[in-house]
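# A structural walkthrough
One letter stands for each residue in the lines below.
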Amino acid sequence: MVGYKFMGKAHSHAYKDVGMFFDMDADVVMKAICGRDEQGVKEAADKFGWEGYETDWRKLVARDDIDFIDVNAPSDAHKEITLAAIANGKHVICEKPLALNLADGREMLEAAEKAGIKHAVCFNYRFLPAVQLAKKLIDEGKIGEIHHYRATYLQDWLVDPNAPLAWRLKKEVAGSGAHGDLNAHSIDLARFLIGEFDRVVGHNRTFVKERPIPTSTSGLSGTGSSEKGEVTVDDATGFLADFKNGAMGMFIATRFATGRKNGNTFEIHGSKGTIRWDLERLNELEVYFREDEPEAAGFRRIMATEPVHKYAGNWWPTGHIIGYEHGFIHIVYEYVQHIAAGTPFAPTFLDGVRCQEVLEAVDLSIERGSWVSISEV
């Protein structure tokens, strides 16, 4: 695995625990974790349960004792590491967004398909039981023809103008700001649940143009110096969308939603009912069905913790909730199982590219000040 900070910890936890709760067709052996800071990566290897560590990813991807590579380094490193891993015959799971831009994403997809390796993008929210239930209800026609899809991804960690200039605020490293980081999740969930985008129109803002140069960072926090640097990404991006199935979409991603810590939600209105989900209450799915008798009509809360709910039966007794980290465990389970069986897996690099198409179409629409078809990018 390349990367050992926030996502490195989340992914390591998944590899370490997946075999405890799921019957696997292949063992997950945590061979080596990689990072540039030897002291930091050595401590991470010891703490997270890796057999060893490397400080050069080029050496890591060439090792004969490793079957697949997990890439969760900053976005500007995704392409180079992934292409080298593919060239060495490794399967690859990569964090989102797949690449800094669409051209790089398409190059990565082409290389993966040509090599015949198993490739995946870590859209982890697909793999939560309540989201899987939403997908099932939609596919079964329980809420009918889809009219509206509304998504929010709201955080507030940048409201303080003195929050330091982390790598996520530099376009050359992150690719984009709230748009690529947060809207990427919302776009993938929309594609997973109701289908492909047709056209988009957006707007964005960077509310704080300069921030303190960081002296230290940890996750989404850190300390800064008196010197300041330019913020080169968006703080917030919203857009409207038309889907190919005729549905309307409304999306907003921001790091300036004061009081909201990780407000990832979707609400889907159909001709027969409505579904609503909120990551901060991730075990629950709110549903409304028009067919209910008037005296009992209204939104109801489903706790997706029954054995009948996908993945839930592998965990605790009914009502004993799971958390954020479990989505990573579930995607690792599915990915390893499909590697072992040689069967198709999703989300792949193709899903990463499809997501990137929407992201870049929104950027192009902001530049033009008009609607842009996804087919134009």
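Here is a short report on the structure shown in this document. Owing to the predicted nature of the structure, the values given are computational and were not obtained by experimental measurement.

## Focus: the overall build of the protein chain
Looking only at helices and strands, the protein chain features 10 helices and 16 strands. Scaling as 2.2 N^0.38, a compact globule of 377 residues should have a C-alpha radius of gyration of about 21 Å, and the protein chain matches this with 21 Å. Within the protein chain, contacts between residues at least 6 apart in sequence are counted, and of these 68% link residues at least 24 apart. Carbon and sulfur atoms make up 49% of the accessible area of the protein chain, which totals about 16,900 Å². Between the mean site of the 43 positive side-chain charges and the mean site of the 56 negative ones, the protein chain shows a separation of 2 Å.

## Concerning the packing of aromatic side chains
What the rule picks out here adds up to 23 aromatic pairs. Their ring planes at 20° and their centres at 5.8 Å tell us that Tyr149 and Phe251 sit as a pair that is stacked. One end of the pair, Tyr149, is in strand E6 (residues 146–154); the other, Phe251, is in strand E11 (residues 248–254), with 102 residues separating them in the sequence. Within the aromatic cluster, the residues linked to one another by ring pairs are Tyr149, Phe197, Phe239, Phe243, Phe251, Phe266 and Trp277. Here Arg199 stacks its cationic end above the ring of Trp371, 4.0 Å away from the centre of that ring.

## Section: the sheet that holds strand E15 (residues 300–303)
Strands sit in the order E15-E14-E13-E12-E6-E11-E10-E7-E16 across an open sheet of nine strands; the sheet is mixed. Single-partner strands in this sheet number two, and they are E15 and strand E16 (372–373). Bridge count between strand E13 (residues 273–278) and strand E14 (residues 284–289): four bridges; the pairing is antiparallel. Across the sheet, residue Ile275 finds its bridge partner in E14, namely Val287. The sheet strands contacting helix H8 (residues 178–194) are E6, strand E7 (197–205), strand E10 (236–243), E11, strand E12 (263–270) and E13, and the helix crosses E6 at an angle near 150°. Each of E7, E10 and E16 touches helix H10 (residues 349–368); the most contacted strand, E7, lies at about 60° to it.

Cut-offs used in this document
- Residues numbered from 1 in each chain as written.
- Predicted model: local features only at pLDDT ≥ 70, side-chain atom pairs only at ≥ 80, totals over all residues.
- Heavy atoms only, no water.
- Helix = DSSP H or I, 4+ residues; strand = E, 2+ residues; numbered from the N terminus.
- Rg over C-alpha atoms; globule rule 2.2 N^0.38 Å.
- Contact = heavy atoms within 4.5 Å.
- Areas by Shrake-Rupley, 256 points an atom, 1.4 Å probe, with all protein chains shown as cover.
- Lys, Arg positive; Asp, Glu negative; His and termini not counted.
- Charge placed at Lys NZ, Arg CZ, Asp CG, Glu CD.
- Phe/Tyr/Trp six-rings, centres within 6.5 Å; stacked < 30°, edge-to-face > 60°.
- Lys NZ or Arg CZ within 6 Å of the ring centre and 35° of its normal.
- Pairing = 2+ DSSP bridges.
- Axes fitted to C-alpha atoms, helices over the stretch in contact; angles between N-to-C directions.

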